[in-house]
Amino acid sequence: MWDTSFYKNKKVFITGHTGFKGSWMCHLLALSGADVTGYALEPPTSPSLFELCHLSDSIHSITGDIRDLDHLRKAVSSCQPEIVIHMAAQPLVRESYKNPVYTYETNVMGTVNILECIRTTPGVKSFLNVTTDKVYRNREWEWGYRENEELNGFDPYSNSKSCSELVTDSYKNSFFMDRDTAISTARAGNVIGGGDFSADRIIPDCIRAAQAGQNIIVRNPYSTRPYEHVLEPVTAYLMIAKAQYEDPAFAGNYNVGPDETDCLTTGELVTLFCSKWKAAGGSPVEWIDQYDGGPHEAGFLKLDCSKLKKTLGWAPVWNVETAVEKTVEWSNVYLEQGDVAACMERQIAEFCK
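Small disclaimer: the values here were computed from a predicted structure and weren't measured. (Residues numbered from 1 in each chain as written. Predicted model: local features only at pLDDT ≥ 70, side-chain atom pairs only at ≥ 80, totals over all residues. Heavy atoms only, no water.)

Caption draft 1: Spotlight on the sheet that holds strand S9 (residues 224-229). A sheet is described by the order of its strands in space; here three strands give the open sequence S7-S9-S11, paired in mixed fashion. Strand pairing shows two members of the sheet lacking a second neighbour, strand S7 (190-192) and strand S11 (263-265), which therefore form its edges. When strand polarity is set aside, the average angle formed by the axes of neighbouring strands in this sheet is 50 degrees. Here three bridges tie S7 to S9, and the two strands are oriented parallel to one another. Bridged to valine 191 within S9 is glutamate 228. Along the sheet face, helix H12 (residues 320-335) touches S7, S9 and S11 and points at about 60 degrees away from the line of S9. (Pairing = 2+ DSSP bridges. Helix = DSSP H or I, 4+ residues; strand = E, 2+ residues; numbered from the N terminus. Axes fitted to C-alpha atoms, helices over the stretch in contact; angles between N-to-C directions. Contact = heavy atoms within 4.5 Å.)

Have a look at this one:
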């Protein structure tokens, strides 16, 4: 899937490293011997995966706001990175309805700021902007979106990430055509895995309900999404960053998602969770369909990942059933106050075998 030896001693700068995906990426890179600098706000949840795994002991962690250009510029300058992976974002659809200005400031101007830092920092050979499958104009059709489809997300979160894609393309065309800096974007599907404590995400909601002995509330049981374990996109991001570092011809836009058989309705996913939770020794748990009158959310969304498969030879490792099983495994270690970092390392080794 990806070459661990490539990242040994490489200087990697990651924005948004204290989040769920960022924590898994930091752990993976630290195990590979990379020289990692992270720039982000304090962890967005309490508890947080970043703090549970004591990741600040294995990487250089800088607390800062992606909207603060001067501070960000100093951080990038002090690191002098070879590879930059941009994950800092306001990542929640429902939150974007509550705070649209903050969402656009973070997701659009944050992208402008990190690209501006790269523009004025020599030595960056590979930049990857992590966006989302929701950047596409969703026509609710049954086939997967390809990288050349129209970008026009509906809600403030999705739309701000569409804008982030356009900003990246503009900077690439305007400032990097004659530079030795390869630039790509990666659009990932819905991610699940151990250590996600976010609000308004279905698997964390399932775990909280199961722990409390309550029914799981599902507000949109018939919505179809591409679900994948967090290690799928994280390793794909590193694969893209490596490929374009070695050959800029690989720079471009890439979808990162599961195979079609792993695109489930929310109701199917929760039913699968209930089965895996019980099989792991948990008390039986059920879910109920209860619409809460929230804002618009897409009913159907799927990605066509043939470009990444054909270009870089990528393929998903774990299907959605295994992804849920591994999430339950990690959650049980956490609930029993076990060593969650060791659990992550076991899962990483198993995934990369």
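Caption draft 2: A look at the environment of valine 130. Following the sequence through the fold, valine 130 ends up in strand S5 (residues 126-130). On the accessibility criterion, valine 130 (5% relative accessible area) is buried. Separated by 44 residues in sequence, valine 130 and histidine 86 have C-alpha atoms that sit 5.9 Å apart. Excluding residues that lie within four positions of it along the chain, valine 130 makes contacts with Lys21, Ile85, His86, Met87, Lys161, Ala186 and Tyr237. (Buried < 20%, exposed > 50% of the residue type's maximum accessible area, 1.4 Å probe, protein only.)

Caption draft 3: Local environment of unusual backbone geometry. For the bond from serine 46 to proline 47, the omega torsion is 5 degrees, close enough to zero to count as cis. Even without glycine at this site, histidine 54 takes up a positive phi of about 55 degrees. By the element assignment, histidine 54 lies in the loop between helix H3 (49-52) and strand S3 (60-63). With relative accessibility at 53%, the residue histidine 54 sits in the exposed group.

Caption draft 4: Representation of the sheet that holds strand S2 (residues 35-40) in the model. As summarised here, the arrangement of the seven strands in space is S3-S2-S1-S4-S5-S6-S10, forming an open sheet in which the pairing is parallel. The open sheet terminates on both sides in strands that have one partner only, identified here as S3 and strand S10 (253-256). When strand polarity is set aside, the average angle formed by the axes of neighbouring strands in this sheet is 20 degrees. Here four bridges tie strand S1 (residues 11-15) to strand S4 (residues 83-86), and the two strands are oriented parallel to one another.

Caption draft 5: Molecular detail of the pairing of S9. Counting buried residues along S9, six of its six residues qualify, which places the element largely inside the surrounding structure. Residues of S9 alternate between two faces, with Thr224, Pro226 and Glu228 on one and Arg225, Tyr227 and His229 on the opposite face, all of them buried. As defined by bridge partners, S9 adjoins S11 across three bridges and the pair is classed as antiparallel. Within the sheet, the bridge partner assigned to threonine 224 lies in S11 and is threonine 265.

Caption draft 6: Examining the pairing of S2 more closely. Buried residues dominate S2, accounting for five of its six residues. The sheet contact formed by S1 and S2 spans five bridges and is parallel. Looking across to S2, one finds that valine 12 is bridged to valine 36. Read as a crossover between parallel neighbours, the route from S1 over helix H2 (residues 20-31) to S2 is right-handed. Taken together, the four bridges between S2 and S3 define a ladder with parallel strand orientation. Paired with tyrosine 39 across the two strands is isoleucine 62, which belongs to S3. (Right-handed = clockwise from strand over helix to strand, strands pointing away.)

Caption draft 7: Spatial organisation of helix H8 (residues 202-212). Every buried residue of H8 is accounted for by Ile202, Ile203, Pro204, Cys206, Ile207, Ala209 and Ala210. Lining the buried residues of H8 we find S7, strand S8 (216-218), S9, helix H10 (266-279) and H12. Count one or two residues on from H8 and you reach glycine 213, which has phi positive near 70 degrees.

Caption draft 8: Broad picture of the packing of H2 against helix H9 (residues 231-246). Following both chains from N to C, one finds H2 and H9 inclined at 55 degrees, their axes separated by 10 Å at the closest point. For the element pair H2 / H9, the angle class is oblique. Relative to H9, H2 is oriented so that their crossing is right-handed. Judged by residue contacts, Lys21, Trp24, Met25, Leu28 and Leu29 of H2 engage Leu231, Pro233, Val234, Thr235, Tyr237 and Leu238 from H9. Taken together, the residues of the contact of H2 with H9 break down into nine nonpolar, one polar and one charged. (Parallel < 35°, antiparallel > 145°, perpendicular 65-115°, else oblique. Left-handed = near helix turned anticlockwise from the far one by under 90°. Nonpolar A, V, L, I, M, F, W, Y, C, P; charged D, E, K, R; others polar.)

Caption draft 9: Representation of the packing of aromatic side chains in the model. Per the counting criterion, the structure on display carries twelve aromatic pairs. Both rings, one in phenylalanine 6 and one in tyrosine 7, keep their centres 4.8 Å apart while their planes meet at 90 degrees; by these two values the pair is edge-to-face. For tyrosine 7, a relative accessible area of 0% gives the class buried. Pairing phenylalanine 197 with tryptophan 330 gives two aromatic rings, centres 6.2 Å apart and planes at 65 degrees, and the pair type is edge-to-face. Of this pair, phenylalanine 197 sits in the loop between S7 and H8 while tryptophan 330 is found in helix H12, placing the two residues 133 residues apart along the sequence. With a relative accessible area of 1%, tryptophan 330 lands in the buried category. Aromatic rings pair up to connect Tyr136, Trp141, Trp143 and Tyr145 into one cluster. (Phe/Tyr/Trp six-rings, centres within 6.5 Å; stacked < 30°, edge-to-face > 60°.)

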